[in-house]
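Chain residues, written in single-letter form:
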Amino acid sequence: MSRAERGDAVRLCLAAAFSVGAALLAVMLFTGYFPGRPNEYNSYALQASAWLEGHLDILGSYPHLELALFGDRQYVSFPPFPSYVLLPFAAVWGTQTPDAAISLAVTALGAAYACRLYLRERQDGQGLFWVLFLYLGTGYVFIAMNGYVWFLAQTMCFTLSVMSLFYAREGKGCPALTLWACAVGCRPMTALYLPVLLYLLWGSRPAGTDLPGLIRRRWYWCVGPLVLAASYMALNMARFGSPLEFGHTFLPEFQRAEHGQFSLAYFSDNLNKLLRMPRWQGSSEPVMFYTGNGMAFWLIDPMFFPLAAAWIMALWKRREDLFLLIALPVLSAAYVFVLCCHRTLGGWYFGNRYLLDLMPWLFYGFCRWKPEEPRFLQASVPFAVFGAALNLIGSVAVYNYWI
């Protein structure tokens, strides 16, 4: 890449980051959810502060938080990586860490890396459009607005997934796999997408290198993921006596549930929630959107339409990309299957926030498969405009009027 091309790439990444920030600022102006707003759902800050004080459990009474009860102690029930990030902030601000500002910074970083990822595959001048579609035309808008414990984990996972894909495409296995392990520490089911990263890293190997030779040369790629995995398991073992238990099993909500946290008994109802249309009572009434546990995914995330179209066209024409053409939809379907077996689909929000975990991976496939014809972009513009309008307005409405 020439110096001029590098300069263009930097300007594009900055344009994406600032454009997403500008759209979120508009939502803030209508809702009052500015970065300085206190965060009452600050489980990660409580956990980081507890660690700095020398104990693993959370002291005090926090009935509004999802805390796991084990023995006579209470613990944060979410995977711990966001608390790792908050440790230096907790050392300065205690439990009042600037979670919303951190979420916004993470979002801006993700938008910039999404541009880099797109440019790694395409040089067609459309990168800014598709990245803005990814961030503003989906349910991402709602979770980026504050640092609530659930949303902060998802914004971090989203950005870390985009970054891991970029470095895997660059053939840099150490940052790619380490960032993937960080993403798993935010949203554990991201582990399902490891085959995609391994495929990209295998494709970037030096010519003539076999698998044993690659392992001998690049064994250090595993150091970061193994250290992170060991830290997660050690923390789980110290708190719950199991290396694979993050704590959700011991939430009172799931302890009371007849079928526990995961069960096939939940599948049908949850799948219906991902497909259900908003309620409309007549031509003189507004449409009533659901404010929790999902709704018609294709309505909230219309990027699925160009994604599906690009996949179908690539499946017809690009047989050489067969692994990703099969792996990405299969892994995503497996992800959705597990989500639908969970007792809830994420509680209060606008859109389908659990499905956002799929988007970085599907976006990468889209970058590879997108047709070159200008008419494909032209046909996608209405979907992008509708998605951005719906999610920006919907986020304002839910933050302002939901009680």
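Now for a description of the structure that goes with this document. (Residues numbered from 1 in each chain as written. Predicted model: local features only at pLDDT ≥ 70, side-chain atom pairs only at ≥ 80, totals over all residues. Heavy atoms only, no water.)

### Overview of the packing of aromatic side chains
For the structure on display, the rule yields 41 aromatic pairs. Here Tyr113 and Tyr167 contribute two aromatic rings whose centre-to-centre distance is 5.8 Å and whose plane-to-plane angle is 50°, an arrangement assigned as tilted. A residue pair is termed long-range when its members are at least 10 positions apart, and Tyr113 in helix α4 (residues 99-121) and Tyr167 in helix α7 (residues 149-169) qualify at 54 residues. One exposure class covers both Tyr113 and Tyr167, and it is buried. When the ring of Phe366 is compared with that of Phe376, the centres are 6.2 Å apart and the planes differ by 35°; the resulting orientation is tilted. One end of the pair, Phe366, is in helix α17 (residues 359-369); the other, Phe376, is in helix α18 (residues 374-401), and 10 residues separate them in sequence. In textbook terms, an aromatic cluster arises when at least three aromatic residues are bridged by ring pairs, as seen for Tyr33, Tyr41, Phe142, Tyr148, Trp150, Phe151, Trp348 and Tyr399. The ring of Tyr33 carries Arg37 above its face, with NZ or CZ at 3.9 Å from the centroid. For Arg276, the ring lying beneath its charged end belongs to Tyr290, and the centroid distance is 3.7 Å. (Phe/Tyr/Trp six-rings, centres within 6.5 Å; stacked < 30°, edge-to-face > 60°. Helix = DSSP H or I, 4+ residues; strand = E, 2+ residues; numbered from the N terminus. Buried < 20%, exposed > 50% of the residue type's maximum accessible area, 1.4 Å probe, protein only. Lys NZ or Arg CZ within 6 Å of the ring centre and 35° of its normal.)

### Remarks on the layout of surface pockets
Estimates place the volume of the second largest pocket at around 510 Å³. Broken down by element, the residue count for the lining of the second largest pocket peaks at five residues, all from helix α15 (residues 304-317). (1 Å grid on protein atoms, 1.4 Å probe; cavity = no way out; pocket = protein on both sides within 12 Å on 5 of 7 lines; lining within 4 Å. Points joined across faces, edges and corners; volume = space filled by probe spheres on them.)

### What to know about α17
Each turn of an α-helix holds 3.6 residues, which means side chains three or four residues apart point in the same direction. Along α17, 11 of the 11 residues are buried, which leaves the element largely enclosed by surrounding structure. Those residues of α17 not exposed but buried are Met359, Pro360, Trp361, Leu362, Phe363, Tyr364, Gly365, Phe366, Cys367, Arg368 and Trp369.

### Focus on the side chain of Lys370
With respect to the helices and strands, the residue Lys370 is situated in the loop between α17 and α18. Not counting the four nearest positions on each side in its chain, Lys370 is found in contact with Tyr118, Arg122, Asp124, Gln126, Trp130, Ala310 and Phe376. (Contact = heavy atoms within 4.5 Å.)

### Here's the deal with the packing of α15 against α17
Contact pair α15 / α17: the axes reach a minimum separation of 9 Å and the direction vectors enclose 50°. If you check the angle between α15 and α17, you find them oblique. As for the relative orientation of α15 and α17, their crossing is left-handed in sense. Side by side, α15 and α17 meet where Phe304, Pro306, Leu307, Ala310, Trp311 and Ala314 of the first sit next to Met359, Leu362, Phe363, Phe366 and Trp369 of the second. (Axes fitted to C-alpha atoms, helices over the stretch in contact; angles between N-to-C directions. Parallel < 35°, antiparallel > 145°, perpendicular 65-115°, else oblique. Left-handed = near helix turned anticlockwise from the far one by under 90°.)

### Regarding the state of the cysteines
Following the criterion strictly, the structure yields zero disulfides and no others. Free of any disulfide, Cys340 has its nearest cysteine sulfur in Cys341, 7.1 Å distant. Residue Cys340 is classed as buried on the basis of its relative accessible area of 0%. Look at Cys341 and you get buried, because its relative accessible area is 8%. (Disulfide = S-S within 2.5 Å.)

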